[in-house]
Amino acid sequence: LAHSWQEQQLLRQQRLDATETSLRECLLGKEMLHFVNNYLTFMTFETLDSKWEVLQTKVRSARAIQEAIREHENFIDSVICSCHLLDSAPSALIDEIGCTCLSYGQLILGGPDRKFSDVAELGDKFHKLLKELIGSSIELLPSFLSTEKVAL
């Protein structure tokens, strides 16, 4: 996805016509990158980092290796739950969104002979999946869907 965005930037510099089609393709790519970046930020900084610090403290104070292993297992369980990886509906939607983003990247990198209808279809699918994700799991919203946080 990131590579396709870079390719689009090069092509956009070469084509100064900036047709509506090319602008829509770029906008969709930016929306996808925004989602992926914010989801990864959510998983990394708001889930893993805070729980990692707790794990380190508990492992340092462990008196036996079994206690450290148990704390590590608790850490993994906590991260999985916090990232909603056990909730089948959000997890499946996030997987499908990821596949849609990959398909978009492959389509864009396929060359200039792509059909806009294919890109538009992927865009419609991406937006539909986002709406489903929001509807199925409102508790996922705090970080990775906010428009204020963009980490690039």
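For clarity, every value in this text was computed on a predicted model and none was experimentally measured.

Q: Would you explain the environment of D118 in this entry?
A: Its location among the elements puts D118 in helix α5 (residues 116–136). Put simply, D118 and Y104 are 14 residues apart on the chain and 8.9 Å apart in space, counted from C-alpha to C-alpha.

Q: Where do I start with helix α2 (residues 20–60) in this structure?
A: For an α-helix, 3.6 residues make a turn, and residues three or four places apart therefore share a direction. When the terminal C-alpha atoms of α2 are compared, their 58 Å separation across 41 residues agrees well with the 60 Å that a helix rising 1.5 Å per residue should span. The sharpest bend along α2 comes to roughly 35°, located at L48.

Q: Is there a simple way to explain the side chain of T100 in this structure?
A: By the secondary structure assignment, T100 is in helix α4 (residues 88–109). In contact with T100, other than residues within four places in its own chain, are M32, L122, K125, F126 and L129.

Q: Any chance you could explain the pattern of salt bridges here in plain terms?
A: Two side chains with opposite charge may pair up if their charged atoms get near one another. Per the counting criterion, the structure on display carries 3 salt bridges. The closest approach of N and O atoms between E71 and K58, which form a salt bridge, is 3.9 Å. One end of the pair, E71, is in helix α3 (residues 65–82); the other, K58, is in helix α2, with 13 residues separating them in the sequence. By relative accessible area, K58 is classed as partly exposed at 39%. E132 is the salt-bridge partner of K128, the closest N and O atoms lying 3.0 Å from each other. Separated by 4 residues within a single helix, K128 and E132 lie in helix α5, roughly one turn from each other. Given a relative accessible area of 34%, E132 falls into the partly exposed group.

Q: Could you clarify how one ought to interpret α5 in this entry?
A: Taking 1.5 Å of rise per residue, 21 residues should cover 30 Å, and α5 covers 30 Å from first to last C-alpha, within 8% of that figure. Listed in full, the buried residues belonging to α5 are V119, L122, G123, F126, L129, L130 and L133. Take α5 and look down its axis: the buried residues cluster within an arc of 130°, on one side only. Every exposed residue of α5 that faces more than 90 degrees away from the buried side is listed here: E121, D124, K128, K131 and G135.

Q: Please explain the packing of α4 against α5 as it appears in this structure.
A: Two packed helices can be described by the angle between their axes and the distance between those axes. Their axes nearest at 10 Å, the elements α4 and α5 cross at an angle of 160°. Considering their axes alone, α4 and α5 lie roughly antiparallel with respect to each other. Between α4 and α5 lies a crossing of left-handed hand. Residue-level inspection shows P90, L93, I94, E96, I97, T100, C101, S103, Y104, L107 and I108 of α4 in contact with α5, the latter providing D118, V119, L122, K125, F126, L129, L130, E132, L133 and S136.

Q: Whenever I open this one, the nonpolar core confuses me. Can you help?
A: Soluble, globular proteins show a tendency: their nonpolar side chains are buried together. Membership of the largest hydrophobic core comes to 17 residues, with the highest contact counts inside it found for L28, M32, F35, I97, Y104, F126 and L133. Only α2, α4 and α5 provide two or more residues apiece to this core. Sequence-distant contacts of I97, defined by excluding residues within four places in its chain, comprise F35, F126, L129, L130 and L133.

Thresholds, definitions, all that
- Residues numbered from 1 in each chain as written.
- Predicted model: local features only at pLDDT ≥ 70, side-chain atom pairs only at ≥ 80, totals over all residues.
- Heavy atoms only, no water.
- Helix = DSSP H or I, 4+ residues; strand = E, 2+ residues; numbered from the N terminus.
- Expected span 1.5 Å × (residues − 1).
- Bend = angle between axes of the 7 residues up to and from the residue.
- Contact = heavy atoms within 4.5 Å.
- Salt bridge = Lys/Arg side-chain N within 4 Å of Asp/Glu carboxyl O.
- Buried < 20%, exposed > 50% of the residue type's maximum accessible area, 1.4 Å probe, protein only.
- Arc of directions from axis to C-beta.
- Axes fitted to C-alpha atoms, helices over the stretch in contact; angles between N-to-C directions.
- Parallel < 35°, antiparallel > 145°, perpendicular 65-115°, else oblique.
- Left-handed = near helix turned anticlockwise from the far one by under 90°.
- Core = buried A, V, L, I, M, F, W, Y, C linked by side-chain atoms within 4.5 Å.

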